[in-house]
Amino acid sequence: MSGTWKLPGQELPVSAETEVLVVGGGPAGIATAMAAARNGAKTLILEQRGFLGGMGTVSLVPAFCPYTDHEKPVIRGIGLELLERMKKACPPEYQEKYSELLDWVPIDAEILKRVYDDAVLESGARVLFHTMVIQVLKNEKGSLIEGVVIANKSGLSVVKCNYIIDATGDADIAVGAGVPFQKGGEKGELQPGTMCYLLARTDKARFNQYLKESGDNGQIHKAVVKAQENGDLPEGRKEVSGFAWVADDLVGVNFGHVFGVDGTKAEDLTRGAIEGRKLVEIQVAFLRKYVPGFENAHVVATGEQIGIRETRRIEGDYVLQAEDFIEMREFPDDIARNSYFIDVHMATSKDQIRFHHLPHGKSHGVPYRCILPKGVDNLWVPGRAASSDRAVQGSLRVMPNCFAMGQAAGIAASLAGQSGGLTSRQVDISLLQRTLVQQGAWLGEAHEAAAVLAQGRSE
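Residues numbered from 1 in each chain as written. Predicted model: local features only at pLDDT ≥ 70, side-chain atom pairs only at ≥ 80, totals over all residues. Heavy atoms only, no water.

**So, a nonpolar patch on the surface**
Taken together, Met-132, Ile-134 and Leu-156 make up a surface patch of nonpolar side chains, about 270 Å² in accessible area. Of note, Met-132 is situated in strand S4 (residues 132–138). (Patch = residues over 30% accessible without salt bridge, like charges linked within 9 Å, V, L, I, M, F, W, Y side chains within 5 Å. Areas by Shrake-Rupley, 256 points an atom, 1.4 Å probe, with all protein chains shown as cover. Salt bridge = Lys/Arg side-chain N within 4 Å of Asp/Glu carboxyl O. Helix = DSSP H or I, 4+ residues; strand = E, 2+ residues; numbered from the N terminus.)

Okay, here's the thing in structure tokens:
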């Protein structure tokens, strides 16, 4: 049965007022809130779960994607600071293994939750968990967002703001404000989701010995193919996306796909969760049977939500293109650098995964205009939903890049407020870039040299 139901008019209480409102507590939102608050803006971050972290904690994505271009860290600033804080909070044996590593660093989700709590609160930002935005409130002209309606255990209320950052990953706020967007491929196809999980009672030494003796690779391609031929695994990807060893007997697993899941639909997320947990059962049985070191593997946890790679991409003032990536272009308004490869997963079990790597030591610029959605003047959209084509989204979507874009958005919002209530498009780009570099971000050699020169003049 379908139809409509007319709700009576309501007057809602204003539960909070803030200069900068951040919606979404994943990497983009965390970095945004920290940057805005550190630069003097009264900041509030809203998160629908009871903890921060996004895919790395909600969905148990087992490792951080690379921070480097194989030669140097490209993602620095707040993102690199948080990675190092997690390492230092881990046990000594973890630190001994990973203290110098910047690429594919295993995530200890419970430690990372506490690191994020501490870092955001230390910045001066306020946090409100278990809260969802259900409506966006705009001014009469429709060019500014004046607040949002939130829903939580306290009921319905309004949060008023001067500036707002959509760090939902799905562009929920932007869409609520009427911003145009794209979703998926030309036929609406979306990258599949993955139910990640954590296994205990594993034996890393025995697993490594198996790899050495069998000649199989770290993604156990041979074992996967054999199991698929025997009917013990469904057809699809021919290797495990990744094992991330938190300890010698504890490993995070990113393996396989659940197809046809639209992360903007509750029904699809529900189906993805159920199918994902069933797939984990099948995968763990495969690991126990085919892979030495996993004979006694025990599932400690599966993701609260299936991991989502792709949903909406806003239409911004600039749409970053595959040609920008391939030609490693720089832009006058760069606010981040990216060197992660284009990584577009197959939309069906019969399609192929698309990869495109940049040369070692190379990266491309991410312009400020990519996080400025069309039609709204006090909204930024850093992270997975930033303005790009589908291929570049497959590269830009990963957690280190989200930190970098979020830091830029937070500083921009604070600068806008400090400059007398400017719009997002009136922010002084040169000042934004200088501030980013001064606060640890890396925008390329030219910006780094200019910052050193400016520092020398000031001394």
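Don't stop here, the text continues.
**Let's talk about the packing of helix H1 (residues 27–38) against helix H5 (residues 109–123)**
Two elements in contact, H1 and H5, have axes separated by 8 Å at closest approach and are oriented at 25°. The orientation of H1 relative to H5 falls into the category roughly parallel. In the packing of H1 onto H5, the handedness of the crossing is left-handed. Between H1 and H5, the residues in contact are Ile-30, Ala-33, Met-34, Ala-37 and Arg-38 and Tyr-116, Ala-119, Val-120 and Ser-123, respectively. Here the contact of H1 with H5 is composed, by residue class, of seven nonpolar, one polar and one charged. (Axes fitted to C-alpha atoms, helices over the stretch in contact; angles between N-to-C directions. Parallel < 35°, antiparallel > 145°, perpendicular 65-115°, else oblique. Left-handed = near helix turned anticlockwise from the far one by under 90°. Contact = heavy atoms within 4.5 Å. Nonpolar A, V, L, I, M, F, W, Y, C, P; charged D, E, K, R; others polar.)

**Structural notes on the pattern of salt bridges**
Tallying each qualifying case throughout the model produces 26 salt bridges. Here Lys-289 and Asp-232 are joined by a salt bridge, their closest N and O atoms 3.0 Å apart. With Lys-289 in helix H9 (residues 266–290) and Asp-232 in the loop between helix H8 (221–229) and strand S9 (242–247), this residue pair connects regions lying 57 residues apart in the sequence. Here Asp-232 falls in the partly exposed class, since its relative accessible area comes to 25%. For Asp-324, the salt bridge goes to Arg-329, with nearest N and O atoms at 2.5 Å. Owing to a relative accessible area of 0%, Asp-324 belongs among the buried residues under this scheme. (Buried < 20%, exposed > 50% of the residue type's maximum accessible area, 1.4 Å probe, protein only.)

**Structural notes on the environment of Leu-211**
With respect to the helices and strands, the residue Leu-211 is situated in helix H7 (residues 204–214). A residue is classified by how much of its surface remains accessible, and Leu-211, at 15% relative accessible area, is buried. Sequence separation between Leu-211 and Glu-100 is 111 residues; the distance between their C-alpha atoms is 24 Å. Apart from residues no more than four positions distant in its own chain, Leu-211 is found in contact with Asp-216, Asn-217, Gly-218 and Ile-220.

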